[in-house]
Amino acid sequence: MTSLPLIPEPTPAPPANGMIVNCVAYRSNGKRIGDITLDAISDVLQEPDTFVWVGLHEPDEALLLKLQEEFDLHDLAIEDAQHAHQRTKIEAYGDSLFIVAQTAQLVGGNIAFGETQIFVGRRYFVTVRHGASLSYAPARRSCELTPELLAMGPSYALYAVLDFIVDNFLPIVRDFREELHELENDIFAETYNRQTIKRLYDMQRELMTLRLAVAPLQDIVAQLTRLHPHLIHDELRAYFRDIYDHVFRVNESTSAMREMLGAAISVNLSLVTFGQNEVMKKLAGWAAMLAAPTLITSWYGMNFTHMPELNQPWAYPAITCVVACIVGGIFIALKKNRWF
């Protein structure tokens, strides 16, 4: 194979903790040329059978303007990339695509959300990560292990990154499903636990945000399975359909769990109300049982001269038996009606 005279010698990879995570040049056959500097991008692109993959993490404005100069990126796309918290979308600018995808990962049992902006052209692929997002180095390594597919250029890199993003949603949904099953025991516990209802509410809120992140990806991937023939190889349409199936499954699972969480919250509150009613019934029953002897004995505490059987020797035992019978009758009646 002929050499590429305009491509400089590969330089060491930029540090992963900087804004430039990677900047790699590839041949049209999918073979890796090596790491290059940003200044060398224009030299690489002068060769017809090459393309460049750049990965950035929270870059500043100067770095984005440098990439705009190298790849001739659209002003509006660069403006969106400078400011995170964009909605999930896909925009076509001439022969290039600009995609915004929401990312998520579990941090301390809660979902942390991030954002990735993707620039796709005939000769370049650029990812810009903001917030909670795993590095796309595994996706890039996977592409390099299949050079026959990477020979399709940036479109296959786009598939690999989107597939990586969607696959990271799956363990989140699985962990939330397992946690929901564990919380079911707390929901039906005898005692009320305020932390249970709080965790159920937090999960419902996080799943709602997750659904807002996942649902728009369906439209984006659906477009990539049908449109943009100048950028997406026909051989990759099936791969994007596979991503669509995964997104659809995550979206359906998220919706189902949100409904289950809503039902769990309602059941929990209903059980708490039912438990409180049971306590009130028991308290009312005991109050009724105590009311009878209190009423009878209060009569004999009024210091009247003439009271029934007051001077009879059997009066006290008789009254005691009467009170016991009344209280026992009330207890039996309440027991029969399941108040105890």
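Structure's up top.
Residues numbered from 1 in each chain as written. Predicted model: local features only at pLDDT ≥ 70, side-chain atom pairs only at ≥ 80, totals over all residues. Heavy atoms only, no water.

*Asks:* Pulling in residues and values, what's your account of the side chain of Ser-253?
*Replies:* For Ser-253, the position within the fold is in helix α8 (residues 237-299). With a relative accessible area of 17%, Ser-253 lands in the buried category. Apart from the residues lying within four places of it in its own chain, the contact partners of Ser-253 are Val-173 and Arg-177. (Helix = DSSP H or I, 4+ residues; strand = E, 2+ residues; numbered from the N terminus. Buried < 20%, exposed > 50% of the residue type's maximum accessible area, 1.4 Å probe, protein only. Contact = heavy atoms within 4.5 Å.)

*Asks:* Please set out a nonpolar patch on the surface residue by residue, giving values where relevant.
*Replies:* A cluster of nonpolar residues, Phe-188, Val-267 and Leu-271, forms a patch on the protein surface that exposes about 260 Å² of accessible area. Here Phe-188 lies in the loop between α6 (154-187) and α7 (194-226). A relative accessible area of 56% places Phe-188 in the exposed class. (Patch = residues over 30% accessible without salt bridge, like charges linked within 9 Å, V, L, I, M, F, W, Y side chains within 5 Å. Areas by Shrake-Rupley, 256 points an atom, 1.4 Å probe, with all protein chains shown as cover. Salt bridge = Lys/Arg side-chain N within 4 Å of Asp/Glu carboxyl O.)

*Asks:* I'd like to hear about the packing of aromatic side chains, residue by residue, with values.
*Replies:* Tallying each qualifying case throughout the model produces 10 aromatic pairs. On the numbers, 5.7 Å between centres and 85 degrees between planes, the contact of Tyr-136 with Phe-164 is edge-to-face. Here Tyr-136, found in the loop between β7 (124-131) and α4 (137-144), pairs with Phe-164, found in helix α6; they are 28 residues apart in sequence, far enough to count as distant. No difference in accessibility class separates Tyr-136 from Phe-164, as the two residues are buried. (Phe/Tyr/Trp six-rings, centres within 6.5 Å; stacked < 30°, edge-to-face > 60°.)

*Asks:* Kindly report on a negative patch on the surface, identifying the contributing residues and their values.
*Replies:* A contiguous patch of negative charge, built from Asp-175, Glu-178, Glu-182 and Asp-186, is present on the exposed surface. Examined against the element boundaries, Glu-178 turns out to sit in helix α6. We classify Glu-178 as partly exposed; its relative accessible area is 43%. (Lys, Arg positive; Asp, Glu negative; His and termini not counted. Charge placed at Lys NZ, Arg CZ, Asp CG, Glu CD.)

*Asks:* Now, about unusual backbone geometry: what can you tell me, with residues and values included?
*Replies:* Here the phi dihedral of Asp-72 falls at roughly 60 degrees; this positive angle occurs in a residue that is not glycine. With respect to the helices and strands, Asp-72 occurs in the loop between α2 (61-71) and α3 (75-82). Judged by relative accessible area, which is 67%, Asp-72 ranks as exposed.

*Asks:* If you had to explain the nonpolar core to someone new, which residues and values would you point to?
*Replies:* By size, the foremost hydrophobic cluster in this structure holds 57 residues, and its most contacted members are Leu-158, Leu-200, Leu-210, Leu-224 and Phe-240. Those residues in contact with Leu-158 that lie beyond four places of it in its chain are Ile-99, Ile-118, Val-120, Phe-125, Leu-224, Ile-232 and Phe-240. Counting 27 residues, the second-largest nonpolar core is a separate cluster that includes Ile-36, Val-52, Leu-63 and Leu-64. (Core = buried A, V, L, I, M, F, W, Y, C linked by side-chain atoms within 4.5 Å.)

*Asks:* For the pairing of strand β2 (residues 32-35), give the residues involved together with the corresponding values.
*Replies:* Sheet topology places strand β1 (residues 20-27) next to β2; 3 bridges connect them, and they run antiparallel. If you follow Val-24 over to β2, its bridge partner there is Asp-35. In this antiparallel pair of consecutive strands, β1 and β2, the connection spans 4 residues, and Gly-30 shows a positive phi of 90 degrees. (Pairing = 2+ DSSP bridges.)

*Asks:* Quick one: what's the story with the side chain of Arg-199, residue by residue and with numbers?
*Replies:* Take Arg-199: it is sitting in helix α7. The class for Arg-199 is buried, based on a relative accessible area of 14%. Within the structure, Arg-199 has its side chain in polar contact with the side chain of Glu-179 (distance 2.6 Å). When neighbours within four sequence positions are excluded, Arg-199 is seen to be in contact with Gly-109, Asn-110, Phe-176, Glu-179, Leu-183 and Glu-206. (Polar contact = N/O pair within 3.5 Å; in protein donor to acceptor, adjacent residues only side chain to side chain.)

*Asks:* Which residues make up the packing of α6 against α7, and what values go with them?
*Replies:* Between α6 and α7, the least distance of the axes is 11 Å, while the angle of their chain directions is 155 degrees. The pairing of α6 with α7 is recorded here as roughly antiparallel in orientation. Note that α6 runs across α7; the crossing there is left-handed. Together, Leu-158, Leu-162, Val-166, Phe-169, Ile-172, Val-173, Phe-176, Glu-179, Leu-180, Leu-183, Asp-186 and Ile-187 of α6 and Thr-196, Arg-199, Leu-200, Met-203, Glu-206, Leu-207, Leu-210, Val-214, Leu-217 and Leu-224 of α7 make up the contact between the two elements. Residues that form the contact of α6 with α7 fall into these classes: 17 nonpolar, 1 polar and 4 charged. (Axes fitted to C-alpha atoms, helices over the stretch in contact; angles between N-to-C directions. Parallel < 35°, antiparallel > 145°, perpendicular 65-115°, else oblique. Left-handed = near helix turned anticlockwise from the far one by under 90°. Nonpolar A, V, L, I, M, F, W, Y, C, P; charged D, E, K, R; others polar.)

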